[in-house]
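These are the residues of each chain, in order.
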Number of protein chains: 2
Amino acid sequence: MPRDIDRRAARTRKALHQALLTLMLRKGYEALSVQDIIDEADVGRSTFYAHYTGKEDLLRSGFQMLRQELKEAQSTVRAGAEASHGDPLGFSTAMFDHAARYADHYRTMIGGRGGAVTENEIRLILSEMVRQELPATLHGDAAPRDFVVQFIVGAFLTALNWWFERKPKLSPSQVDAMFRSLVLHGLSSSIGGDRRPSAD
Amino acid sequence: MPRDIDRRAARTRKALHQALLTLMLRKGYEALSVQDIIDEADVGRSTFYAHYTGKEDLLRSGFQMLRQELKEAQSTVRAGAEASHGDPLGFSTAMFDHAARYADHYRTMIGGRGGAVTENEIRLILSEMVRQELPATLHGDAAPRDFVVQFIVGAFLTALNWWFERKPKLSPSQVDAMFRSLVLHGLSSSIGGDRRPSAD
DNA sequence: TATAATAATGGACATGCTGTCCGGGATTTC
DNA sequence: GAAATCCCGGACAGCATGTCCATTATTATA
């Protein structure tokens, strides 16, 4: 049953998404105009607006597709993820590896080059992922789970950005090690004198 | 020797900065047009472009002023900052207090509402501050100082955003406590089973 | 294969913002 | 007071936006 979507509509959508991706790699998201996109995709002006309300709509739609793909991929990964039993950040290694492989795309999305919408969308996706992967062995004493999730996501994006901008030569595992050290143990692992966790 | 700058020019600049601030509180930065700004400031179109190349230029100029004010204020604070002797995050409390007092402004600048430029500018200012405040007792073993600075700034912005968006009722000191707990000791303070930091 | 739906096209159109230019008028400085 | 400096207002071309429509092409279906 090809009841889903007309081939033509599907083709147009795919062309637009592809054009958006290409142009984002070339000029960044903010600098793009709808005009640029439809030129690159070779699609009529009215056709574009028949599918999306603007470039932001197109972008969000793209992220929604990505989110679904990730959701499926996650189920697969989850099967062999028994190894991360006592490790609350068992997923980080895979994420840095992934970022290394698709460095170009990550770069365009992260660090201001992608614009506020993009970064926000990425934060949402990562938050979902972290929220599910983070084990329940976490006590809510120090900080609410919500807060911890945001903290981890923020640290991850910070690590990625620093990696790409300052030390692109480092291997994924090296950056991962720094990330884990800071997120798991905080500054205490880098401070000479440690403080007693007693009365203060 | 008279003034460096003509009074009229100074007045125009001040009016434009004021208008920008007002409108950012009302509509956010991204949604603003130069037209809006000059209307609000009651300044001629050509006059605007005689001073700034666009709204981004105006914004940056505003941040540069802010940066100078902070630099001076910092010297003052530095005098009585002897208390933060063994505390690598001695400055955080003051920052959360400040954020609480100017919550409206912080909200407009942070969390996507302010746009990429704004957030980037804020990151720069905060990075400068943290870089100077962070004591030299920090060992570069686990992660480069650069990385640690970015990590702290990111965590601070994350905390602020979470605070404003999810738990605006909390007091500055409460959020500060969570922030310090996570940044100083990481997740280990929230995890049930701790792992030995020996061979791994 | 014929036919009815559905989608894409290209062009026109009103609208709004941008950035630049100029001449007359106002304010400030010397 | 005179000269320098700044502001104003208007006009201008350029470009992007969103919307409309008549026409053409593709697709699904009987």
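In case you missed it, the structure is sitting above this.
Throughout what follows, the structure given in this document is the object of discussion. (Residues numbered from 1 in each chain as written. Chains lettered and ligands numbered in written order. Predicted model: local features only at pLDDT ≥ 70, side-chain atom pairs only at ≥ 80, totals over all residues. Heavy atoms only, no water.)

Some words on the packing of aromatic side chains
Two measures describe an aromatic ring pair: the distance that separates the ring centres and the angle between the ring planes. All names here are of chain A. For the structure on display, the rule yields 17 aromatic pairs over all chains. Aromatic ring contacts, followed pair by pair, group Phe96, Phe156, Trp163, Phe164 and Phe179 into a single cluster. Taking the ring centre of Tyr29 as reference, the NZ or CZ of Lys55 above it sits at 4.4 Å. (Phe/Tyr/Trp six-rings, centres within 6.5 Å; stacked < 30°, edge-to-face > 60°. Lys NZ or Arg CZ within 6 Å of the ring centre and 35° of its normal.)

Observations concerning the protein's contact with DNA strand D
Taken together, 20 residues sit near DNA strand D, with Arg8 of chain A together with Arg8, Thr12, Ser46 and Thr47 of chain B positioned nearest. Taken together, the sugar and phosphate atoms account for 60% of what DNA strand D places within 4 Å of the protein. Tyr49 of chain A places a side-chain nitrogen or oxygen 3.0 Å from a phosphate oxygen of DNA strand D. At a separation of 3.0 Å, a phosphate oxygen of DNA strand D approaches a polar backbone atom of Gly44 of chain B. Looking at the surface near DNA strand D, the elements that each hand over two or more residues are α1 (7–27), α2 (34–41) and α3 (45–51) of chain A together with α1 (7–27) and α3 (45–51) of chain B. Class assignment of the residues belonging to the surface near DNA strand D gives a composition of four nonpolar, eight polar and eight charged. (Near = heavy atom within 4 Å. Polar contact = N/O pair within 3.5 Å; in protein donor to acceptor, adjacent residues only side chain to side chain. Helix = DSSP H or I, 4+ residues; strand = E, 2+ residues; numbered from the N terminus. Nonpolar A, V, L, I, M, F, W, Y, C, P; charged D, E, K, R; others polar.)

Details of the pattern of salt bridges
Residues and elements named next belong to chain A. Applying the stated criterion to the full structure yields 21 salt bridges over all chains. A salt bridge links Arg67 to Glu121; the nearest nitrogen and oxygen atoms lie 3.2 Å apart. Residue Arg67 is located in helix α4 (residues 55–79), and its partner Glu121 is located in helix α7 (residues 115–133); the two are separated by 54 residues in the primary sequence. Residue Glu121 is classed as buried on the basis of its relative accessible area of 8%. Linking Arg113 and Glu165 is a salt bridge whose minimum nitrogen-to-oxygen distance equals 2.4 Å. Of this pair, Arg113 sits in the loop between α6 (103–109) and α7 while Glu165 sits in helix α8 (residues 145–166), and the two are 52 residues apart along the sequence. Look at Arg113 and you get partly exposed, because its relative accessible area is 40%. Assessed through its relative accessible area of 40%, Glu165 is described here as partly exposed. (Salt bridge = Lys/Arg side-chain N within 4 Å of Asp/Glu carboxyl O. Buried < 20%, exposed > 50% of the residue type's maximum accessible area, 1.4 Å probe, protein only.)

A short note on the environment of Ser181 of chain B
Mapping Ser181 of chain B onto the fold places it in helix α9 (residues 172–185). Ignoring any residue separated from it by four or fewer positions in sequence, one finds Ser181 of chain B in contact with Ala142 of chain A together with Gly186 and Ser189 of chain B. (Contact = heavy atoms within 4.5 Å.)

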